[in-house]
2 protein chains.
Amino acid sequence: MKPYSEMSKEELRALREELEKQYEDVKSRGLKLDMSRGKPSVSQLDMTMGIMDVLDSHSDMRTEAGIDCRNYGNLDGIPEAKAMMGGIMGVPAENVIICGNGSLSVMYNAVASSMTHGVCGCKPWGKLDQVKFLCPVPGYDRHFTIMEYFGIEMINIPMTEQGPDMDLVEHYVNTDPAVKGIWCVPKYSNPQGISYSDETVRRFAALKPAAPDFRIYWDNAYAIHHLYEDEQDEILDILSECEKAGNPDMVYEFASTSKISFAGGGIGVVAASLNNLQYIRKWMNVQTIGYDKVNQLRHVRFFKDMDGLKAHMRRHADILRPKFEAVLNVLERELGGLGIGSWTKPKGGYFISFEAMDGCAREIVAKCKEAGVIMTNAGATYPYGKDPKDSNIRIAPTFPTPEELAQAADLFVLCVKLVSVCRLLDQ
Amino acid sequence: MKPYSEMSKEELRALREELEKQYEDVKSRGLKLDMSRGKPSVSQLDMTMGIMDVLDSHSDMRTEAGIDCRNYGNLDGIPEAKAMMGGIMGVPAENVIICGNGSLSVMYNAVASSMTHGVCGCKPWGKLDQVKFLCPVPGYDRHFTIMEYFGIEMINIPMTEQGPDMDLVEHYVNTDPAVKGIWCVPKYSNPQGISYSDETVRRFAALKPAAPDFRIYWDNAYAIHHLYEDEQDEILDILSECEKAGNPDMVYEFASTSKISFAGGGIGVVAASLNNLQYIRKWMNVQTIGYDKVNQLRHVRFFKDMDGLKAHMRRHADILRPKFEAVLNVLERELGGLGIGSWTKPKGGYFISFEAMDGCAREIVAKCKEAGVIMTNAGATYPYGKDPKDSNIRIAPTFPTPEELAQAADLFVLCVKLVSVCRLLDQ
């Protein structure tokens with residue numbers, strides 16, 4: 001197949017007719033698939049069911065230090081969980097606080113407390129005329145939702161293959177005191193699957209923020225979520241890099257077991273300098289007497305240590321890899337060389353990022369929906385839901401079964417072709 | 001023994017000498033007991049261990065409606081849990097949202113969201129010059145901490161045996177638009193164990209708030225926490241009373257299983273009108289993808305229904321009743337008729353409230369601490385930690401073993417006597 005851009009109007013018209021016929025045919029099959037969110041699949045969840053056996057009515061519910069996990073207390077979480085979750089992020093246990101059933105609420109609280117009470121003694125953001133956050137794009141919609149909720153202005157920062165455009169990041173952070181934060185998913189980023197290069201991490205650590213209360217929101221959501229055994233991205237530990245660069249308090253790191261154990265039934269954490277943690281404990285202590293230590297205990301008894309976690313994630317990868325590859329194969333086979341789209345080939349994480357021709361994303365997603373396949377809303381990967389080029393589509397291949405995925409991918413490429421042809425004919 | 005006030009200086013001096021000797025004697029025993037918090041005891045927690053068996057690796061993790069509790073989704077919580085927790089409060093499932101591992105964070109969030117985003121379309125409290133809350137006293141220190149954190153002015157409302165002084169409540173709520181809320185523990189109140197009379201609840205429901213965004217914070221923490229089978233307090237359902245009185249949106253009700261299953265390992269809930277819930281979902285949806293449904297499922301599979309819950313709480317009562325009675329017996333035996341203190345005799349809940357002679361509470365608690373028994377800080381039951389009469393002490397008899405409790409109660413009454421005698425001699 002030659003690139004669509006080299007086709008004559010006539011060829012395009014014939015192609016459109018053919019594609020429309022195919023589309024009507026698929027539509028009549030009455031598909032009903034949801035590929036909108038990065039949800040673990042049933043077989044992944046089944047893999048964690050052993051966690052339901054590690055505690056029973058005869059279990060000793062105390063930690064090694066003798067903490068009864070069934071009672072109040074220990075705001076920080078149990079030491080064993082702090083060590084295990086620290087291991088996932090590559091930070092010492094003392095820099096970790098275990099929180100609730102996921103990391104989103106911890107990130108939310110970090111922003112919310114900054115709004116009402118300020119960061120480490122600085123003026124509350126809610127009392128400032130302007131608060132801005134940098135948002136590498138495409139990015140994670142739930143980060144952006146927190147910003148919109150608090151009326152924080154978002155500034156798009158383009159992603160490169162090394163991570164966010166650091167020239168721009170340095171420019172904004174080092175010159176504008178209204179810039180109070182940046183959202184990062186540094187490893188297998190959502191949705192592109194890009195991992196930040198060592199140089200990127202070091203440039204982050206070496207920032208010289210104009211605002212003393214500037215913080216990097218380092219959402220290390222996919223720290224051990226590799227797809228391949230022999231090709232794994234690793235990133236530098238931002239906490240120690242910041243410390244080395246003389247900026248020990250500049251970062252909050254977040255992680256969770258949402259995509260390791262159960263989504264919503266896991267544990268979320270924040271890691272930061274001891275100084276930051278002292279401030280974080282202040283607002284936590286107003287909100288809660290302590291988080292769910294029984295679930296913390298369950299997690300450490302099940303996973304035991306990093307070896308246990310890694311073995312578990314290898315089994316996840318065995319399920320996810322074929323799904324990613326199935327989608328990538330369809331994309332390559334059906335769209336390769338047509339010049340109507342490009343896509344990422346991540347080595348981990350939960351998403352494939354697709355770049356359609358400018359102005360086509362919204363229509364492609366609408367066409368998929370019309371035929372019964374729900375994709376993430378076009379625009380969702382950008383602040384305010386506004387993709388300036390209307391080109392990015394997030395593909396979430398994790399939840400559907402392989403059969404469903406094949407159907408969905410076939411429909412997706414068909415919609416990409418159809419919308420692209422129409423667009424070319426309109427020009 | 002005659003009342004201390006009728007003793008001569010000489011008699012008091014002799015008594016002081018004798019009590020000081022006893023005190024030194026107890027001190028030398030090196031007690032180490034913590035009676036500061038309302039924590040369930042180990043035997044109570046043991047009683048819930050069966051909850052660790054209801055889910056194992058072969059369990060069906062889906063609800064009746066087919067929701068997979070291991071995955072994202074269902075912000076409201078699972079229908080079975082909504083029904084069960086609604087049962088505890090006496091409200092329909094549709095008025096309930098299941099939240100995290102306790103109710104404190106839900107109450108915190110209700111206040112926090114009102115500060116930054118306002119209640120149901122009203123101006124955010126953070127943008128007002130003055131925000132006030134009524135605080136029936138003595139009350140629960142963690143309510144007051146939330147107020148202090150947000151700089152909300154607290155107004156003391158004396159408790160009567162029927163609940164808060166409703167003349168005062170009506171005066172403030174109906175005339176001052178800065179009054180935005182009131183903290184209530186309507187059943188077996190913390191710390192007095194008072195349950196609001198029907199008239200009190202009806203007067204609450206019939207309030208005509210000067211502020212349209214006034215809300216009653218109805219912390220129904222001890223809804224099914226009776227001590228006696230044949231003498232149980234019941235209160236009217238505030239939600240339906242408010243609806244009948246034409247104030248359907250005036251109340252947020254909170255509850256949890258913290259003192260039913262595990263403290264910190266339970267489930268917390270909010271109940272409110274459908275209109276309020278729509279607003280509540282808005283801020284919840286920014287904070288979380290959903291709460292821990294696995295733990296919700298575990299709770300409903302274990303407790304099954306109200307009958308299961310009631311049977312469980314009867315077993316709790318069998319443990320707690322002797323503890324309450326042991327303390328009450330020591331108080332009666334040692335302090336009865338002396339005129340140096342009075343105390344409540346609750347039929348449920350977690351506390352006994354002790355009223356010392358004016359100006360003695362702080363010193364009694366200090367004396368106890370010096371001899372190795374930690375009581376709740378004097379003043380903690382009042383806003384800003386300031387008990388104007390320095391007379392209230394919260395006794396938390398639930399956690400210690402009966403033997404420890406006997407020792408602690410003996411020390412307590414000794415300290416009450418000693419401090420009271422000294423005070424009378426000082427006058």
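Residues numbered from 1 in each chain as written. Chains lettered and ligands numbered in written order. Predicted model: local features only at pLDDT ≥ 70, side-chain atom pairs only at ≥ 80, totals over all residues. Heavy atoms only, no water.

With that settled, consider the overall build of chain A. Along its length, chain A carries 13 helices and 13 strands. Taken over C-alpha atoms, the radius of gyration comes to 23 Å for chain A, in line with the 22 Å a tight globule of 427 residues would show. Along the first, second and third principal axes, the C-alpha set of chain A runs to 75 × 55 × 35 Å. Within chain A, contacts between residues at least 6 apart in sequence are counted, and of these 76% link residues at least 24 apart. If the 47 positive side-chain charges of chain A are averaged to one point and the 58 negative ones to another, these points end up 4 Å apart. (Helix = DSSP H or I, 4+ residues; strand = E, 2+ residues; numbered from the N terminus. Rg over C-alpha atoms; globule rule 2.2 N^0.38 Å. Contact = heavy atoms within 4.5 Å. Lys, Arg positive; Asp, Glu negative; His and termini not counted. Charge placed at Lys NZ, Arg CZ, Asp CG, Glu CD.)

What follows is about the sheet that holds strand β13 (residues 392–395) of chain B. Residues and elements named next belong to chain B. Read across the sheet, 3 strands follow the order β10-β11-β13 without closing on themselves; strand pairing throughout is antiparallel. Of all strands in the sheet, those bounded by a partner on one side alone are β10 (341–343) and β13. Going from strand to strand, the sheet's axes swing by 25 degrees on average, the running direction of each strand aside. When β10 meets strand β11 (residues 352–356), the two strands line up antiparallel, connected through 3 bridges. The partner of Trp343 across the bridge, within β11, is Phe354. (Pairing = 2+ DSSP bridges. Axes fitted to C-alpha atoms, helices over the stretch in contact; angles between N-to-C directions.)

Once that is clear, we can look at the pattern of salt bridges. Scanning all chains against the criterion turns up 47 salt bridges over all chains. Across the salt bridge formed by A:Arg202 and A:Glu241, the nearest N and O atoms sit 3.8 Å from each other. With A:Arg202 in helix α7 (residues 198–205) and A:Glu241 in helix α8 (residues 238–244), this pair connects stretches of sequence that are 39 residues apart. Judged by relative accessible area, A:Glu241 falls into the buried class, the value being 9%. Ionic pairing is found between B:Arg281 and B:Asp76, a salt bridge with its closest N-O pair at 2.7 Å. Remark: B:Asp76 occurs in the loop between α2 (42–47) and α3 (79–89) and B:Arg281 occurs in helix α9 (residues 274–287); sequence separation between them is 205 residues. What you see here is one network of salt bridges that share partners, running through A:Asp167, A:Glu170, A:Glu199 and A:Arg203. (Salt bridge = Lys/Arg side-chain N within 4 Å of Asp/Glu carboxyl O. Buried < 20%, exposed > 50% of the residue type's maximum accessible area, 1.4 Å probe, protein only.)

What follows covers the pairing of strand β13 (residues 392–395) of chain A. All names here are of chain A. Side chains Asn392 and Arg394 project from β13 onto one buried face, and the interleaved Ile393 and Ile395 project onto a second face that is buried too. Strand direction decides the pairing type here: strand β11 (residues 352–356) and β13, joined by 4 bridges, are antiparallel. Within β13, the position partnered with Ser353 by the bridge is Arg394.

With that settled, consider the relation of the copies chain B and chain A. With an RMSD of 0.0 Å, the operation that places chain B on chain A is a rotation of 180 degrees combined with a shift of 0.0 Å along the axis. Classification of the inter-copy transformation places it as that of a two-fold axis. Of all interface residues in chain B, 100% are interface residues in chain A too; the two copies therefore contact each other through one and the same surface. (Least-squares fit on C-alpha atoms with pLDDT ≥ 70 in both.)

With that out of the way, let us pick up the nonpolar core. Ranked by internal contacts, the top residues of the largest apolar core, which has 113 residues, are A:Phe204, A:Trp218, B:Phe204 and B:Trp218. With residues near it in sequence (within four places) discarded, A:Trp218 still touches A:Cys184, A:Pro186, A:Tyr196, A:Val201, A:Phe204, A:Ile235, A:Ile238, A:Val251, A:Tyr252, A:Glu253 and A:Phe254. Core analysis: the second largest hydrophobic core is formed by 70 residues, A:Cys99, A:Tyr108, A:Met154 and B:Val286 among them. (Core = buried A, V, L, I, M, F, W, Y, C linked by side-chain atoms within 4.5 Å.)

In this section: the packing of helix α6 (residues 166–175) of chain A against α7(A). All names here are of chain A. At their nearest, the axes of α6 and α7 sit 11 Å apart, and the two run at 5 degrees to each other. Relative to α7, the element α6 is oriented roughly parallel. Of the residues in α7, those in contact with Met166, Asp167, Val169 and Glu170 of α6 are Thr200, Arg203 and Phe204. Taken together, the residues of the contact of α6 with α7 sort by class into 3 nonpolar, 1 polar and 3 charged. (Parallel < 35°, antiparallel > 145°, perpendicular 65-115°, else oblique. Nonpolar A, V, L, I, M, F, W, Y, C, P; charged D, E, K, R; others polar.)

Taken residue by residue, chain A gives an average pLDDT of 97. The fraction at 70 or more is 100%. Both scores are available for the predicted complex, with the pTM at 0.97 and the ipTM at 0.97. (pLDDT = per-residue confidence, 0-100.)

Let us look at unusual backbone geometry. Here A:Asn190 and A:Pro191 are connected by a cis peptide whose omega angle stands at 10 degrees. Structurally, A:Pro191 is set in the loop between β6 (179–184) and α7. Here the bond from B:Val137 into B:Pro138 is cis, since omega is -5 degrees, no more than 30 degrees from zero. Mapped onto the fold, B:Pro138 is located in the loop between β3 (132–137) and α5 (141–149).

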